[in-house]
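Structural overview for review
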Amino acid sequence: MAGEAVVAIASARGRSARAVIRMAGSELARFLLARFEPASTTWDPEDRGSCVGWWIVPAHGWRVPVDVWTYKAPRSVTGTDVVELLVPGSPALAEAIVRDLIGLGAGLAAPGAFTRLAVMNGRLDLAQADAVMALIRARDDADARAAHQALEGGDSRMIESLEDALVDLLIPLESALDFSDQDVAGVIPDDLAVRASELAARLDAAVAAANGRTRRGLPRVVLIGAANAGKSTLWNALTGGAALTASIPGTTRDALEREGTCAGMPVLWVDTAGIDGPRGDVDDLGHAMRERQVRGADLLVGVADARSCDFPEGCALRVATHLDLVREIPADAWGVCAPSGEGLDAFRAAVAERLRRGSGDAPVAFSLRVAEGLRDAAVVVRRGIEALASHPPEFAASDWREAQRLLRRLRFAEPGDPVLDRIFASWCIGK
Ligand SMILES: Nc1nc2c(ncn2[C@@H]2O[C@H](COP(=O)(O)OP(=O)(O)OP(=O)(O)O)[C@@H](O)[C@H]2O)c(=O)[nH]1
Ligand SMILES: [Mg+2]
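Residues numbered from 1 in each chain as written. Chains lettered and ligands numbered in written order. Predicted model: local features only at pLDDT ≥ 70, side-chain atom pairs only at ≥ 80, totals over all residues. Heavy atoms only, no water.

Focus on the pattern of salt bridges
- Scanning the model with the defined rule gives 24 salt bridges in all.
- Between Arg-290 and Glu-291 there is a salt bridge, and its shortest N-O distance comes to 3.6 Å.
- The exposure class assigned to Glu-291 is partly exposed, which follows from its relative accessible area of 38%.
- A salt bridge links Arg-405 to Glu-402, with the nearest nitrogen and oxygen atoms 3.3 Å apart. Remark: Glu-402 and Arg-405 occur in helix 12 (residues 393–411); sequence separation between them is 3 residues, near one turn of the helix.
- One salt-bridge network, in which partners are shared between bridges, spans Asp-125, Glu-160, Glu-163 and Arg-411. (Salt bridge = Lys/Arg side-chain N within 4 Å of Asp/Glu carboxyl O. Buried < 20%, exposed > 50% of the residue type's maximum accessible area, 1.4 Å probe, protein only. Helix = DSSP H or I, 4+ residues; strand = E, 2+ residues; numbered from the N terminus.)

A short note on the side chain of Thr-80
- Relative to the elements of secondary structure, Thr-80 occurs in the loop between strand 5 (62–71) and strand 6 (81–88).
- Take Thr-80: its relative accessible area is 11%, and that puts it in the buried class.
- A polar atom in the side chain of Thr-80 sits 2.6 Å from the side chain of Thr-78.
- Every residue in contact with Thr-80, bar those within four places of it in the chain, is listed here: Ala-24, Gly-25, Tyr-71, Lys-72, Ala-73, Leu-117 and Asn-121. (Polar contact = N/O pair within 3.5 Å; in protein donor to acceptor, adjacent residues only side chain to side chain. Contact = heavy atoms within 4.5 Å.)

Observations concerning the sheet that holds strand 2 (residues 18–25)
- One open sheet accounts for 7 strands, arranged 3-4-5-6-2-1-7; its pairing is mixed. At either margin of the open sheet sits one strand with a lone partner, and together these are strand 3 (36–38) and strand 7 (107–108).
- Against the sheet, helix 1 (residues 28–35) contacts strand 1 (5–9), strand 2, strand 3, strand 4 (49–57), strand 5 and strand 6, and its axis sits at roughly 60 degrees relative to strand 4.
- Against the sheet, helix 2 (residues 91–103) makes contact with strand 1, strand 2, strand 4, strand 5, strand 6 and strand 7, and its axis sits at roughly 170 degrees relative to strand 1, the strand it touches most. (Pairing = 2+ DSSP bridges. Axes fitted to C-alpha atoms, helices over the stretch in contact; angles between N-to-C directions.)

A closer look at helix 9 (residues 281–295)
- Look at helix 9: 22 Å from first C-alpha to last across 15 residues, which is about the 21 Å you get at 1.5 Å a residue.
- The set of residues buried in helix 9 consists of Asp-283, Gly-286, His-287, Arg-290 and Gln-293. In an axial view of helix 9, the angular spread of the buried residues amounts to 115 degrees, which keeps them on one side of the axis. What points out from helix 9, more than 90 degrees from its buried face, is the exposed set Asp-281, Leu-285 and Arg-295.
- Those residues of helix 9 that are buried lie in contact with strand 8 (220–225), strand 9 (256–262) and strand 10 (265–271). (Expected span 1.5 Å × (residues − 1). Arc of directions from axis to C-beta.)

Details of the sheet that holds strand 9
- A sheet is described by the order of its strands in space; here 6 strands give the open sequence 9-10-8-11-12-13, paired in mixed fashion. The open sheet has two edge strands with one neighbour each: strand 9 and strand 13 (334–335).
- Contacts from helix 8 (residues 231–239) reach strand 8, strand 9, strand 10, strand 11 (299–305) and strand 12 (317–321), with the element oriented near 155 degrees to strand 10.
- Contacts from helix 9 reach strand 8, strand 9, strand 10 and strand 11 within the one sheet, and its direction differs from that of strand 8 by about 135 degrees.

Digging into the domain arrangement of the chain
- Taken as a whole, the chain is organised into domain 1 (5–120), domain 2 (154–213 + 365–411) and domain 3 (220–359).
- Computed from C-alpha atoms alone, the centre-to-centre distance between domain 2 and domain 3 is 46 Å. (Domains from an automatic or database assignment.)

This is the structure:
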């Protein structure tokens, strides 16, 4: 890729004050000389820095005001030369400029191409590339903080220290193997299996932290409770939805899902059929749907009418409805009156607090790929521990070398490695 130039619109789609068009690669001066009319007479396309002027789009006869920013390899985000054009934020204009540059010989940048260049040129490792995506997708402060820490190298340092611990296991094992060539029994330290178990436990802890930080999507908050408890009325108030509500038990038969926010945290609210609602062919489908939602919930909320306080078992939070009709509610429940909105903010804050507590604070291993890799490494390290007890040391050494390879692959890839396609497959153009 070093000999090519790629180009893409790097700003968000749509109208804005400015659009950013980014080019990376080599021989970018050729494009600048062909289309840029600098306002400064001393401008040189090999200079780094910025220069204002006009960008010419010959096919349309346009002369567009532009800020040209030039960054030089290797001190750029991609490690290559980079040029960014800041032009008025009209999508049609930005697209015309990109089309024109492609006509001049630039390639359209594939999704994630700029970050991929940064990886190939050693500006970022793979764990940091994952973090760039996690940061783009961050939906709240906690997401953004964890992604930022990973981008700053938090995950990379964690993986590196696990790799170091593996090397510490392999060194005595490999030197025992060297001795065995000379018909002298190699000495394997007594505590090697114990140290390997400690490493496996560290890998487990990192996986657990990673799972806590890895979003499978929005956290699912599922409302369950008796028929007529007021679940759908509450769900409507929380989401702005328009589910049917009525004082007839069994009004809701589907499971309804809708996004909302909880103290700034986006969540998916799920309304379900009443637990003791009517039975019958279609009703039973609704009950089965509720059971599935219960199994997939990140947080189960038990809803009951405050007049009966008939809460279902096994819920992490309780909310009592009909607060307008009672004087007191149990101390372990949040009281709400969904029609008036009373109590809703405090309930939302309690849900957000509960979800945050569940996800743990560990700022490591944000990406699913890293979590999977750590899990695989833990399995192989344990296989090596078993082999150490029952087989010649070569077997454990081979397993631990495999674990080393798995950990290394979390951070580095050779050009053409399929892991690169996997990482960048879901990216957008321009990043
Ligand atoms: N006064 C008062 N009425 C409420 C409140 N919440 C719900 N209701 C009423 O209670 C009745 C039942 O509410 P729904 O939201 O349909 O109850 P549900 O739990 O979804 O019931 P099913 O779908 O049958 O399981 C409706 O008539 C609502 O208007 C509340 O806080 N105060
Ligand atoms: Mg309902």
